[in-house]
Amino acid sequence: MRRNLFASPLDGLITLVLLAVCGSGLWFLMHWALIKADWAVVYENVCLYFNGIFPADHVWRSWSWLAVLAALCGLTLWPWPLPRPLMRLLPLLWILSLPIGLVLLASGLGLEPVRSRFWGGLQLTLLLTLGTIALALPLGILLALGRRSSLPLLRWLCTSYIELIRGVPLIAVLFFGQLMIPLFLPEGWTFSRVLRAVLSLGFFVAAYMAEDVRGGLQALPRTQLEAARSLGLSPLKTITLVELPQALRIALPALANQCVASVQNTSLLAYLGLIELLGISRSILANPSYLGRHLEVYLWLALLYWAVCILMTSLARRLERTLNVTGHH
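So, here is what we can say about the structure in this document. (Residues numbered from 1 in each chain as written. Predicted model: local features only at pLDDT ≥ 70, side-chain atom pairs only at ≥ 80, totals over all residues. Heavy atoms only, no water.)

As for the overall build of the protein chain
When you go through the protein chain residue by residue, the secondary structure sums to 14 helices and 0 strands. Overall, the protein chain shows an N-to-C arrangement of helices and strands of α-α-α-α-α-α-α-α-α-α-α-α-α-α. Taking the principal axes of its C-alpha atoms as reference, the protein chain extends roughly 70 × 70 × 45 Å. In the protein chain, which comprises 329 residues, the share counted as buried stands at 39%. Nonlocal contacts in the protein chain, meaning residues at least 24 apart in sequence, comprise 73% of its contacts between residues at least 6 apart. Total accessible area on the protein chain is roughly 19,100 Å²; 69% of this is exposed by carbon and sulfur atoms. If you average the places of the 24 positive and of the 14 negative side-chain charges in the protein chain, the two averages end up 8 Å apart. (Helix = DSSP H or I, 4+ residues; strand = E, 2+ residues; numbered from the N terminus. Buried < 20%, exposed > 50% of the residue type's maximum accessible area, 1.4 Å probe, protein only. Contact = heavy atoms within 4.5 Å. Areas by Shrake-Rupley, 256 points an atom, 1.4 Å probe, with all protein chains shown as cover. Lys, Arg positive; Asp, Glu negative; His and termini not counted. Charge placed at Lys NZ, Arg CZ, Asp CG, Glu CD.)

Put into structure tokens, the structure is as follows:
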């Protein structure tokens, strides 16, 4: 500690100044949070933050889906070895979590339909995130393969799409999706705002995931491709059995960053009328009973986003350790 923080008089002075600044800032924050802050705006609206304006008679469906996701996170992050059958079943359960959520929140299995305009809060944020990832990842893989294709037209189309999307602000893509998608639908067809949001976010994130996957493909040594050809593997088998598994393994940290960014990107949808976490906060602050409680609301909102992002990062790290990504050569 002496060598790192007090190696010279100047280093010692800088260390003491930083400690004083950080300590005073922490003291003021704790004093405000424990004494001055009015947290009634949070605990009186906890259900609203988690479930939005979901009908009270059916709110158990929202809690059930959140409980399913919490259980999957707990099983994935369990520090001790799980039974082998459960380990093999876990990826399938994660894949099924999205359709399970749609069945519970929308309708299915004899449940009464609930319109998407009643979805909100954390349930909607997670639904948008999972839907975005489910759409963006396979599309990003196809775009990455298309950009490396030997067919000039396919390569040009994929490259143009990736560069165009990466050069456009996300908020513009979201407005385009909400306002323009209905104009291209056949007469009588309608898409809910939630589905339009998932499509907009998915096509946007896919361009960035495509570049991450392409980086993983370029990191593969050419000797492996030559070995695949010498074994007589077809181009399709070479891609699916040799290239893609290793490329996705290499690109996993970058893909995890895109997934975390997708959670944060959902906050922009509050400006389009969706009542996800930020939309819920804005509606609460519009209530005259909670005037002037902006700091408490936005601090609680920041903690919620932080918790979700930390959880996703922990899941990605567990997957990296399972696949031994850091040991890849």
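Things to note about the state of the cysteines
One pass over the full model with this rule turns up 0 disulfides. With no disulfide partner, C259 has as its closest neighbouring cysteine sulfur the one in C309, 11 Å distant. Its relative accessible area of 15% is what places C259 among the buried residues. (Disulfide = S-S within 2.5 Å.)

Quick word on the packing of helix α6 (residues 84-105) against helix α7 (residues 121-147)
Contact geometry of α6 with α7 gives a least axis separation of 10 Å together with a crossing angle of 140°. Classified by the angle their axes make, α6 and α7 are oblique. Crossing angle aside, the handedness with which α6 passes α7 is left-handed. Between α6 and α7, the contacting residues are S97, L98, L102 and L105 on the first element and Q123, L127, L130, G131 and A134 on the second. Split into classes, the residues belonging to the contact of α6 with α7 amount to 6 nonpolar, 3 polar and no charged. (Axes fitted to C-alpha atoms, helices over the stretch in contact; angles between N-to-C directions. Parallel < 35°, antiparallel > 145°, perpendicular 65-115°, else oblique. Left-handed = near helix turned anticlockwise from the far one by under 90°. Nonpolar A, V, L, I, M, F, W, Y, C, P; charged D, E, K, R; others polar.)

Quick notes on the nonpolar core
Ranked by size, the top nonpolar core spans 64 residues in total, and within it W65, W119 and L269 carry the most contacts. Element by element, the count of residues in this core is highest for helix α10 (residues 193-218), at 12 residues. (Core = buried A, V, L, I, M, F, W, Y, C linked by side-chain atoms within 4.5 Å.)

So, the pattern of salt bridges
Any two side chains of opposite charge can pair if their charged atoms end up close together. Under the criterion given, the structure shown has 7 salt bridges. As a salt-bridge pair, R147 and E211 come within 2.8 Å of each other at their nearest N and O atoms. Highlighted residues: R147 in helix α7 and E211 in helix α10, separated in sequence by 64 residues. By the burial criterion, R147 is buried, and E211 matches it. In this structure, the salt-bridge partner of E211 is R166, at a minimum N-O distance of 3.4 Å. Placement of E211 in helix α10 and of R166 in helix α8 (residues 152-166) is noted, with a sequence separation of 45 residues between them. (Salt bridge = Lys/Arg side-chain N within 4 Å of Asp/Glu carboxyl O.)

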